[in-house]
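Below, each chain spelled out in residue letters.
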Amino acid sequence: MTNAIGGMSHMLRQNLVSTAEVDASDPEAVKKIVTGLGRGPFSIVLMFFSPECDRETLARQLKAEIPYARVMGCSTAGELSSKGYDEGKIIAIGFPVENFGVETLLVPDLKNCSPQDLMGSLLRARQNLQRRYPQFDNEFAMLLVDGLSEREDELTAALASGLGPVPLFGGSAGDGRRFQETFVLNGPTLMENSAILTFFRTNCQIKVFSYDHLVATQKRMVVTEAEPNARVVKEINAEPAAQEYARLVGVDPALLSDHVFAANPVVVQVGGKHHVRAIKSVAPNGDMSFFAAIDEGLVLTLAEPQNMVAHLEESLAGLSKTTEPAIVLACDCIFRRVEAEMTQVKSQISNLLAGANVRGFSTYGEQIGSIHVNQTFTGVAIYPPCAERDTIGVGENRK
């Protein structure tokens, strides 16, 4: 591994993927990222930026400084850097043309997105990629989406039938812990109410994964009144939502907070597996807002977090069972970061992430296949072209 510009950049194993990271407040941030990534050429550069970043300055610098054909990314709820959990940074990842080919699909208006038009564009993008890069055998897709759009569930469902065998993962853009505005980056343009789907073809071995460390309990509750379009639950078990949730987890309703939500997540069963429906906030009237789809009649089950450090260590070891990844590109839910801080294991988690060459961002939700989920560690492990596949299957969802 080689270092450049004071440790800001790391050329990973076999020069497979180039990364750079700078302070979001640096007045020459983009120029230093270009220097850190190197000359390329790159098929795409992914960029994850702190909400502390001045957006006008970022857009201006991208337009002036970036020499690459494609730059895509989003705002974050925290960054995953060479130090593990990080904040106040811009993280950039360059994918060299020797090993990666990409096609991107912009969804510029999520609220008025037509599934039929989306399907046609999706199929054309896949066909173009296959035609342009027939020498690459492996495929995956990454979705970046406005984290406050409340359209992730509909979008992933609409994309599913057109993806075929291509494994999809993704993350919802963040705004730290303010939950006010999130952005998707398309070249030098910062966009709201938007999403970008990037198809990758590569000669590298890949493994798309989604892990969580939660175990369902026997405590169940039924959503008896909701506003599905707004992801708001008004009643649980025919009682005011916040009051009933607080009773079940054993806390005073007045003390409900991000820490309580992270320690007492709720899950739904889909296809024999559980998926978290993370609670976003509680309104003064007791209504509860969620980060994922919710509806009347839905059965929610309380889940208990297991040892987060041990589970992540085991999961990362599984990704390296026969060959260490050159990089792990990850979307990590903000509530995992909250839990790590609350249980005072943040430094241990950071060390594991840094040691496994994880790069990415903390999200307001994750996508895996056709499902929008929460409170997971989701992404893709990318291995050198000569690496053999290990025994853990692509698209695996480990508990």
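A brief look at the structure comes next. (Residues numbered from 1 in each chain as written. Predicted model: local features only at pLDDT ≥ 70, side-chain atom pairs only at ≥ 80, totals over all residues. Heavy atoms only, no water.)

**Regarding the pairing of strand E10 (residues 138-145)**
For E10, a buried count of 8 out of 8 residues is recorded, marking the element as mostly surrounded by other parts of the structure. Judged by which residues are buried, E10 turns out to be covered on both faces: Asn 138, Phe 140, Met 142 and Leu 144 on one side and Glu 139, Ala 141, Leu 143 and Val 145 on the other are all buried. Two elements, E10 and strand E14 (residues 195-202), share 8 bridges in a ladder whose sense is antiparallel. Each bridged residue has a counterpart across the sheet, and for Glu 139 the counterpart in E14 is Arg 201. Assessed by its sense of winding, the connection that carries the chain from E10 through helix H4 (residues 152-163) to strand E11 (residues 168-172) is right-handed. (Buried < 20%, exposed > 50% of the residue type's maximum accessible area, 1.4 Å probe, protein only. Helix = DSSP H or I, 4+ residues; strand = E, 2+ residues; numbered from the N terminus. Pairing = 2+ DSSP bridges. Right-handed = clockwise from strand over helix to strand, strands pointing away.)

**Description of the nonpolar core**
Counting 36 residues, the largest nonpolar core has Tyr 245, Met 288, Phe 290, Leu 300, Ile 334 and Phe 335 as its most contacted members. Elements supplying a minimum of two residues to this core: strand E16 (214-227), strand E17 (232-236), helix H5 (241-249), helix H6 (258-263), strand E19 (266-270), strand E22 (288-290), strand E23 (299-305) and helix H8 (334-342). Contact partners of Tyr 245, with chain neighbours within four places excluded, come to Ile 236, Leu 256, Val 260, Phe 261, Asn 264, Val 266, Ile 279, Met 288 and Leu 302. Core analysis: the second largest hydrophobic core is formed by 31 residues, Leu 16, Phe 48, Phe 95 and Val 102 among them. (Core = buried A, V, L, I, M, F, W, Y, C linked by side-chain atoms within 4.5 Å. Contact = heavy atoms within 4.5 Å.)

**A look at the pattern of salt bridges**
Inspection of every chain in the model, using the stated rule, returns 16 salt bridges. Here Arg 178 makes a salt bridge to Asp 175, at a shortest N to O gap of 2.9 Å. Residue Asp 175 is classed as buried on the basis of its relative accessible area of 3%. Across the salt bridge formed by Glu 227 and Lys 234, the nearest N and O atoms sit 3.5 Å from each other. Within this structure, Asp 23, Asp 86 and Lys 89 form a network of salt bridges that share partners. (Salt bridge = Lys/Arg side-chain N within 4 Å of Asp/Glu carboxyl O.)

**Some remarks on the packing of helix H3 (residues 115-132) against H4**
Direction vectors running N to C along H3 and H4 enclose 45°, while the axes themselves pass 9 Å from each other. In this view, H3 runs oblique relative to H4, as classed from their interaxial angle. In this structure, H3 meets H4 at a crossing whose hand is right-handed. From H3, Pro 115, Leu 118, Met 119, Leu 122, Leu 123 and Arg 126 reach across to H4, where they touch Leu 155, Ala 158, Leu 159, Ser 161, Gly 162 and Leu 163. Among the residues making up the contact of H3 with H4, the classes are represented as 9 nonpolar, 2 polar and 1 charged. (Axes fitted to C-alpha atoms, helices over the stretch in contact; angles between N-to-C directions. Parallel < 35°, antiparallel > 145°, perpendicular 65-115°, else oblique. Left-handed = near helix turned anticlockwise from the far one by under 90°. Nonpolar A, V, L, I, M, F, W, Y, C, P; charged D, E, K, R; others polar.)

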